[in-house]
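The chain contents come next:
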Amino acid sequence: MRIGLLTEGGYPYVNGDAALWCDRLVRGLARHEFDLYALSRDEHQESGGRVDLPPQVGRVRTAPLWTAPHDGVVYGRRARRRFTEYYGHLVAALCEGRPADFGRSRSAAEADRFGYALYGLAELARDEGGLVGALRAEYAVRALERACRAPGALRTAREARVPELLAVAAHLERALRPLSLDWYEDDADTGLGSVDLCHATSGGAAALPGLLARHFFDVPLVVTEYGVRLRTHYLAPDAASVPGSGSGAGTGTGSGSDAGSGFAAAGAPAVRALLAAFHGRLAAEVYLKAACVTPGNAHTRRWQERCGADRAKLRTVYPGMDATRFAAVAEAAEVAEAAEVAEAADVDGAGGAAGGLGGVGDDREAGGAGEPVRGAGPDTLVWVGRVEPAKDLVSLLHAFADVRRARPGTRLRIVGAPAGTSEGAAYLGHCRMLAAQLFPDEAAGPHAVGENPVSFEEVGGPEAPTLADAYADSSVVVLSSVVEGFPVGLVEAMFCGRATVSTDVGAVVEVVGGTGLVVPPRNPRALAEACVALLRDPGRRARLGAAARARALELFSVEQNIAAFHGIYLDVVARSPVRRVLVDAAGDPRPFAVPTEAWLPGRWTRLGGRTSPWRGPDGPGGPGPQEAAGPAVVTEGAR
């Protein structure tokens, strides 16, 4: 089958989000054909180049989300009335109430208001050649103002001032840019009408082309979310920092720069409330129209259900991660842990058992020189990730102070770069200062050079040339986050056969299962007690590490991810109407190209007799595709 892969800020760009996952999916399903429809996030991403694409990727079409020059389209009186009607319904839907109220207190007509407006704007853009100029026009802002001042509107919306209205209008213009693309032309051989299935690799802007392909051509839509866009919007410090919902172009007749006048008001309550309503309405529409929604974990699944997703459409598919680069670390860990267990048993037999969290005397005797016994050096806690406030490294440092009192020779390695914002760099500086205050440089004597037990490193440096090296020198891998989606770092540690201590946030419990210790977030003492418990018991560490590796290989491998999506593709296409017939170079239908169930009307396909019969290469449709180099496509039933 031919699959239209829809991405935003990701594949096929080198520095794109989830580019590695998409590349593995495409390469793993070599028997299918893929067309890529990519929305780029910024100019830097486009200039960074693309990854090498496999041969099963045919057409690649890209469009920038970060800029949109004025399309030059001037609406006549009728087109302006259509725009005012549809845009008015759209912004009125945003001012009605919270997205969480969908389907509870609103009538069916009100529930469909957002969809009616969205598809009406898409049809208008298709008919007139674009929406950019209209979305930046003064009458768009006036329609937004009328909706905010209407009876029954949100209180925060009624309080919106002119700068905030301009900011919301600019954000909506950027978010609706996919509606003006030329991917939905009637010529089904060059656009989304030529694919059998659309797969959006995230919600939000990436799913918009899939919604329109379903609306115009009845192409079924599969949506994968490893993180919910609405949750990202809620957690962002301001609306401008949400990927795919930036400040947009200024209202008016500007050149398309995203430095609009609404940027300064991006964090205002009215702006955040209206944009949260937009993302909530869009998420609900995506979940309603998608044939299948694949959350990456139960945490994401709960968010989707809260936003209106039908449980019957949900199918959890864990991310596929490459375990081969961690295999050497896991094998070495088995040998090292076995030796450490034997050595610890000898020490315990000599009376070197450890006491409580506060007792440090026994550990010093066991180490013989102020350090605990460990086969390859002192005990080491390792944290790997992106340095930002949500990771709560402050609690980790305070917990490590308790660990040092119980295990004086323990070290902490913080491996990671700051998040790509000024806040991330400032937070890293704060953590360095705190570490220097909590742990002054220690020296063996008055004439020796001291060394801090906490080190801050980055992957690629001399201490950790690769990610596997960062985990290789760890006794226990720690996660201290207060906010987390899918904990990729924990899965990597599990692939390495390492025992883990983590906080109970996001999908942590679902990922770890019973193979690691989980403590409440923002509780340094509980975190320290769990770390000390594992550091004192090498046998327990070895058992948990082996169980963690087995669990990770079973649930989070690339193979399970590819197999799951292969089955989903077949199931969705089998339950969708037959829209086209595949023919070979001679013009004859390719056998078994369409699942048998797809020909049956009724609950399988809702076909209803709308598909017209296939016409041979010499039929009324004109000459056949004998000159084609490969299999050709005859489109049917597209509208």
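K.L.:
So, the sheet that holds strand β9 (residues 454-457): which residues are in play, and what are the values?
P.N.:
Taken in spatial order, the six strands line up as β9-β8-β7-β10-β11-β12 in an open sheet, and their pairing is parallel. Two strands in the sheet have a free side with no partner beyond their single neighbour: β9 and β12 (517-519). Between one strand axis and the next, the sheet turns by 20° as a mean value, whatever way the strands run. One ladder, built from four bridges, connects strand β8 (residues 411-415) with β9; its direction is parallel.

K.L.:
Go over helix α16 (residues 393-406), please, and point to the residues and values.
P.N.:
With 14 residues, α16 ought to run about 20 Å at 1.5 Å a step, and its terminal C-alpha atoms sit 20 Å apart, in line with that. For α16, a buried count of eleven out of 14 residues is recorded, marking the element as mostly surrounded by other parts of the structure. Residues of α16 that are buried include every one of L393, S395, L396, L397, A399, F400, A401, D402, V403, R404 and A406, and no others.

K.L.:
So what's going on with the pattern of salt bridges? Which residues, and what values?
P.N.:
On inspection of all chains with the given rule, the structure shows 25 salt bridges. Measuring nitrogen to oxygen at the nearest pair gives 3.1 Å for the salt bridge that ties R161 to E164. Connected through shared salt-bridge partners, R2, E33, D35 and R59 make up one network.

K.L.:
Please provide a residue-by-residue account of the environment of P319, values included.
P.N.:
Mapped onto the secondary structure, P319 falls in the loop between α13 (298-306) and α14 (327-349). Overall, P319 belongs to the buried group, its relative accessible area being 11%. As for P319 and P295, which are separated by 24 residues in sequence, their C-alpha atoms are 9.5 Å apart. The contact partners of P319, leaving out residues within four places of it in the chain, are Y226, G296, F486, F556, S557, Q560 and N561.

K.L.:
Just give me the short version of a nonpolar patch on the surface, but keep the residues and values in it.
P.N.:
A contiguous nonpolar surface patch, about 250 Å² in accessible area, is contributed by Y234, L235 and V483. With respect to the helices and strands, L235 occurs in helix α11 (residues 229-235). The class for L235 is partly exposed, based on a relative accessible area of 48%.

K.L.:
Could you give an account of the side chain of E225, naming the residues involved and the relevant values?
P.N.:
Tracing the backbone through its elements, the reader meets E225 in strand β5 (residues 221-225). With relative accessibility at 3%, the residue E225 sits in the buried group. Among the polar contacts made by the side chain of E225, one reaches the side chain of Q304 at a distance of 2.8 Å. With residues near it in sequence (within four places) discarded, E225 still touches S202, G203, Y287, T294, P295, G296, T300 and Q304.

K.L.:
Give me the lowdown on the nonpolar core, citing residues and values where you can.
P.N.:
In this structure, F83, Y87, L118, L121, L131 and L179 are the most contacted members of the largest nonpolar core, which totals 81 residues. In this view, F83 contacts Y75, G88, L121, L124, L131, A134, L135, Y139 and A140; residues no more than four positions away in its chain are not counted. Counting 36 residues, the second largest nonpolar core, distinct from the first, contains W383, L434, V476 and A530.

K.L.:
Go over the pairing of strand β1 (residues 2-8), please, and point to the residues and values.
P.N.:
Counting buried positions along β1 gives seven out of seven residues, so the element sits mostly inside the fold. Residue alternation in β1 divides its side chains into two sets, R2, G4, L6 and E8 and I3, L5 and T7, and both sets are buried. Inspection of the sheet shows β1 paired to strand β2 (residues 33-40) by seven bridges, in the parallel sense. Bridging from a neighbouring strand, I3 pairs with F34 of β2. Relative to strand β4 (residues 197-200), β1 runs parallel, the two sharing four bridges. When the sheet's bridge partners are listed, L5 is paired in β4 with H199.

Basis of the calculations
Residues numbered from 1 in each chain as written. Predicted model: local features only at pLDDT ≥ 70, side-chain atom pairs only at ≥ 80, totals over all residues. Heavy atoms only, no water. Pairing = 2+ DSSP bridges. Helix = DSSP H or I, 4+ residues; strand = E, 2+ residues; numbered from the N terminus. Axes fitted to C-alpha atoms, helices over the stretch in contact; angles between N-to-C directions. Expected span 1.5 Å × (residues − 1). Buried < 20%, exposed > 50% of the residue type's maximum accessible area, 1.4 Å probe, protein only. Salt bridge = Lys/Arg side-chain N within 4 Å of Asp/Glu carboxyl O. Contact = heavy atoms within 4.5 Å. Patch = residues over 30% accessible without salt bridge, like charges linked within 9 Å, V, L, I, M, F, W, Y side chains within 5 Å. Areas by Shrake-Rupley, 256 points an atom, 1.4 Å probe, with all protein chains shown as cover. Polar contact = N/O pair within 3.5 Å; in protein donor to acceptor, adjacent residues only side chain to side chain. Core = buried A, V, L, I, M, F, W, Y, C linked by side-chain atoms within 4.5 Å.

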